[in-house]
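Geometric and topological summary
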Amino acid sequence: MTAALTPLAAADPPALSAANTGFMLLCTALVMLMTPALAFFYGGMVRAKSTVNMLMMSFVSLGIVTVLWVLYGFSVAFGTDTASLVGWSSDYAGLGGIGLTELWHGSTVPVYVFAVFQLMFAVLTPALISGALADRVKFTAWALFVALWVTAVYFPVAHWVWGSGGWLYELGVIDFAGGTAVHINAGAAALGVILVIGKRTGFPHRPARPHNLPLVMLGAGLLWFGWFGFNAGSWLGNDDGVGAVMFLNTQVATAAAMLAWLGYEKLRHGAFTSLGAASGAVAGLVAITPSGGSCSPLGALAIGATAGVLCAMAVGLKHRFGYDDSLDVVGVHLVGGVAGSLLVGLFATGGVQSDARGLLYGGGLGLLGIQALGVFAVLGYSLLVSALLALALHRTIGMRVAEDAEITGIDRAEHAEAAYDLAEADRDGGAGGTGGGHPVRPVLAPAPANVDTTALDTTLDTTAPATAEKKEKVDA
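The present account deals with the structure reproduced in this document. (Residues numbered from 1 in each chain as written. Predicted model: local features only at pLDDT ≥ 70, side-chain atom pairs only at ≥ 80, totals over all residues. Heavy atoms only, no water.)

Quick word on the overall build of the chain
- Along the chain, the regular secondary structure elements total 17 helices and two strands.
- The buried share of the chain, reckoned over its 476 residues, is 54%.
- Residue pairs at least 24 apart in sequence account for 77% of intrachain contacts in the chain once pairs closer than 6 positions are excluded.
- Counting only carbon and sulfur atoms, one obtains 66% of the accessible surface of the chain, whose full area is about 19,100 Å². (Helix = DSSP H or I, 4+ residues; strand = E, 2+ residues; numbered from the N terminus. Buried < 20%, exposed > 50% of the residue type's maximum accessible area, 1.4 Å probe, protein only. Contact = heavy atoms within 4.5 Å. Areas by Shrake-Rupley, 256 points an atom, 1.4 Å probe, with all protein chains shown as cover.)

Describing the side chain of Ser 279
- Along the polypeptide, Ser 279 turns up in helix α9 (residues 274–291).
- For Ser 279, a relative accessible area of 8% corresponds to the buried category.
- Only 2.8 Å separates the side chain of Ser 279 from the backbone oxygen of Leu 275, close enough to count as a polar contact.
- Setting aside chain neighbours within four positions, we find Ser 279 in contact with Phe 41 and Trp 261. (Polar contact = N/O pair within 3.5 Å; in protein donor to acceptor, adjacent residues only side chain to side chain.)

Observations regarding the pattern of salt bridges
- Applying the stated rule across the entire model yields six salt bridges.
- Taking the shortest distance from any N to any O, the salt bridge between Asp 135 and Arg 200 comes out at 3.5 Å. In this pair, Asp 135 is assigned in the loop between α3 (111–129) and α4 (139–162) and Arg 200 in the loop between α6 (179–197) and α7 (213–232), connecting sequence segments 65 residues apart. Comparing Asp 135 with Arg 200 shows no difference in burial state: the two are buried.
- Among the ionic pairs, Glu 406 bridges to Arg 400, the shortest N-O distance being 2.9 Å. (Salt bridge = Lys/Arg side-chain N within 4 Å of Asp/Glu carboxyl O.)

A few points about the packing of aromatic side chains
- Tallied over the full model, the rule gives 23 aromatic pairs.
- Where Tyr 154 meets Phe 155, the ring centres are 6.3 Å apart and the plane angle is 75°; that geometry is what we call edge-to-face. Residue Tyr 154 shares its accessibility class with Phe 155, and that shared class is buried.
- Taken together, the ring pairs connect Trp 69, Tyr 72, Phe 74, Phe 78, Tyr 92, Trp 104, Phe 114, Tyr 154 and Phe 155 into an aromatic cluster. (Phe/Tyr/Trp six-rings, centres within 6.5 Å; stacked < 30°, edge-to-face > 60°.)

Some thoughts on empty space enclosed by the protein
- Evaluated as defined, the whole model comprises three cavities of 30 Å³ or more.
- There is about 50 Å³ of room inside the largest cavity.
- In this structure, the largest cavity is lined by Arg 47, Arg 200, Thr 201, Gly 202, Phe 203, Pro 204, Arg 206 and Ala 208. (1 Å grid on protein atoms, 1.4 Å probe; cavity = no way out; pocket = protein on both sides within 12 Å on 5 of 7 lines; lining within 4 Å. Points joined across faces, edges and corners; volume = space filled by probe spheres on them.)

Considering unusual backbone geometry
- Looking along the chain, the bond that leaves Phe 203 and enters Pro 204 is cis, with omega of 5°.
- By secondary structure assignment, the location of Pro 204 is in the loop between α6 and α7.
- Here Ala 416, not a glycine, exhibits a phi torsion of approximately 55°, which is positive.
- With respect to the helices and strands, the residue Ala 416 is situated in the loop between α15 (410–415) and α16 (422–427).
- The exposed category is assigned to Ala 416, whose relative accessible area is 61%.

Some words on the packing of helix α8 (residues 242–269) against helix α10 (residues 297–314)
- The interhelical angle for the contact between α8 and α10, taken along N-to-C directions, is 35°, at an axis separation of 7 Å. Here the hand of the crossing between α8 and α10 comes out right-handed. Between α8, through Leu 248, Asn 249, Val 252, Ala 253, Ala 256, Ala 257, Ala 260, Trp 261 and Tyr 264, and α10, the contact on the second element is made entirely by Pro 297, Ala 300, Leu 301, Gly 304, Ala 305, Gly 308, Val 309, Cys 311, Ala 312 and Met 313.
- Of the residues in the contact of α8 with α10, the class split is 16 nonpolar, three polar and no charged. (Axes fitted to C-alpha atoms, helices over the stretch in contact; angles between N-to-C directions. Left-handed = near helix turned anticlockwise from the far one by under 90°. Nonpolar A, V, L, I, M, F, W, Y, C, P; charged D, E, K, R; others polar.)

Focus: the packing of α8 against α9
- One way to put it is that α8 packs onto α9 with a least axis distance of 7 Å and a crossing angle of 140°. When the axes of α8 and α9 are compared, the pair comes out oblique. By crossing handedness, the relation of α8 to α9 is classed as right-handed. Of the residues in α9, those touching α8 at Met 246, Asn 249, Thr 250, Ala 253, Thr 254, Ala 257, Met 258, Trp 261, Leu 262 and Glu 265 are Gly 276, Ala 277, Ser 279, Gly 280, Ala 281, Ala 283, Gly 284, Leu 285, Ile 288 and Thr 289.
- Among the residues making up the contact of α8 with α9, the classes are represented as 11 nonpolar, eight polar and one charged. (Parallel < 35°, antiparallel > 145°, perpendicular 65-115°, else oblique.)

Let's talk about a nonpolar patch on the surface
- A cluster of nonpolar residues, Leu 144, Leu 148 and Ile 397, forms a patch on the protein surface that exposes about 220 Å² of accessible area.
- Mapped onto the elements of the fold, Leu 144 is located in helix α4. (Patch = residues over 30% accessible without salt bridge, like charges linked within 9 Å, V, L, I, M, F, W, Y side chains within 5 Å.)

Thoughts on the nonpolar core
- Counting residues in hydrophobic clusters, the biggest one holds 115 residues, and the most contacted among them are Phe 41, Phe 74, Leu 133, Trp 142 and Tyr 154.
- For this core, the leading source of residues is α4, giving 17 residues.
- Ignoring any residue separated from it by four or fewer positions in sequence, one finds Phe 74 in contact with Trp 69, Gly 79, Tyr 92, Leu 95, Trp 104, Val 111, Phe 114 and Ala 115. (Core = buried A, V, L, I, M, F, W, Y, C linked by side-chain atoms within 4.5 Å.)

Overview of the environment of Leu 379
- Position of Leu 379 relative to the elements: it lies in helix α13 (residues 366–396).
- Put simply, Leu 379 and Val 338 are 41 residues apart on the chain and 9.0 Å apart in space, counted from C-alpha to C-alpha.

So, in structure tokens, the structure goes:
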């Protein structure tokens with residue numbers, strides 16, 4: 001994203017590049033895929049009775065944010081600067097005054113291509129917040145929160161970080177593809193909202209374990225795939241090789257973070273889990289997003305490994321401090337975004353996207369200080385404004401569903417649907433439909449004696465209900 005605002009060195013004005021334009025359209029499609037991928041990732045991590053709601057909380061962002069982006073979002077984020085805080089350009093409002101081949105500033109791709117690429121970032125960011133609020137938020141209130149949040153938080157922060165004249169951009173904060181504007185922004189917002197709306201019924205005593213780990217792995221894999229467009233595409237082309245370095249660093253950091261998370265949980269809890277692998281990969285993707293255009297592949301290894309361990313440690317903070325971050329948005333996106341953004345101040349080589357050098361490459365503490373200012377400015381603003389928006393909604397229309405709806409299942413209460421028609425499966429004799437009247441229940445082996453299952457949200461609940469009454473009360 002920084003490249004979009006950095007003038008080209010050539011003396012002649014840039015000309016439209018069909019290759020870069022095509023590349024960016026493909027990257028845009030990859031970033032769009034990340035929102036459904038996130039829906040799958042989150043959807044598998046909740047209980048079965050909350051799956052549809054979790055999917056819808058991500059999907060609705062595609063509709064709401066797209067409309068607002070066209071009407072005024074792109075203009076606020078990337079229009080002519082006002083007081084280094086917001087932008088505005090009448091040609092960008094409604095996207096009606098833009099020429100077909102008009103180029104985005106200093107790039108070789110049309111404004112329309114840049115606008116739609118940035119739209120997908122704006123769509124994804126509020127969807128990230130939804131994972132912290134699983135099982136307990138009214139869908140109407142969530143949809144209204146998304147509209148208010150992108151207007152008051154995302155659009156202005158995007159201008160601060162990436163817009164020409166934005167105060168963090170002018171200060172020299174490095175955020176290649178969204179460590180501050182996307183991940184810290186979403187993670188801090190998640191923390192602000194959950195502090196207002198409170199905990200799920202039964203937290204932390206009632207188990208709320210993932211109901212479908214294959215769905216989690218599928219979502220994580222699709223996120224990993226889409227993230228190449230998210231990161232490499234943010235240079236708006238690859239004429240100078242920077243996008244290729246970012247592509248490589250994305251893969252390297254993600255792999256390192258996944259292995260680091262698995263190693264930590266094996267030492268801490270005694271098991272390698274699929275949810276740990278998926279979460280570790282996402283932590284690495286988050287951390288390399290702001291930093292991958294500044295570091296070498298060896299630096300990406302260090303950043304990924306550091307983020308994997310820090311995020312694995314951070315997910316337990318909700319139990320220590322008593323806040324209910326359902327799917328660890330704070331632990332992964334906030335902590336991972338902070339780690340990746342600050343580590344730019346250590347690992348920036350000065351030989352990739354810019355000549356800014358980190359502490360380990362002879363640059364002193366200056367860049368680290370600038371990065372820290374950017375991190376805590378976005379964190380503080382998003383936390384405060386998000387909490388105020390949630391409080392306003394909570395005191396007016398109400399943010400939470402009724403307790404009975406939360407217990408029996410938010411899918412039925414809010415959407416009149418269920419992800420799995422278990423009654424139909426039972427009548428048909430199970431998923432295979434082979435008759436017999438009773439679905440086959442898998443027999444799961446007990447965990448090894450050295451595995452601390454009480455500390456892992458990833459451990460499936462293998463306890464079968466003993467009576468019909470208990471069966472009705474067991475979380476689906």
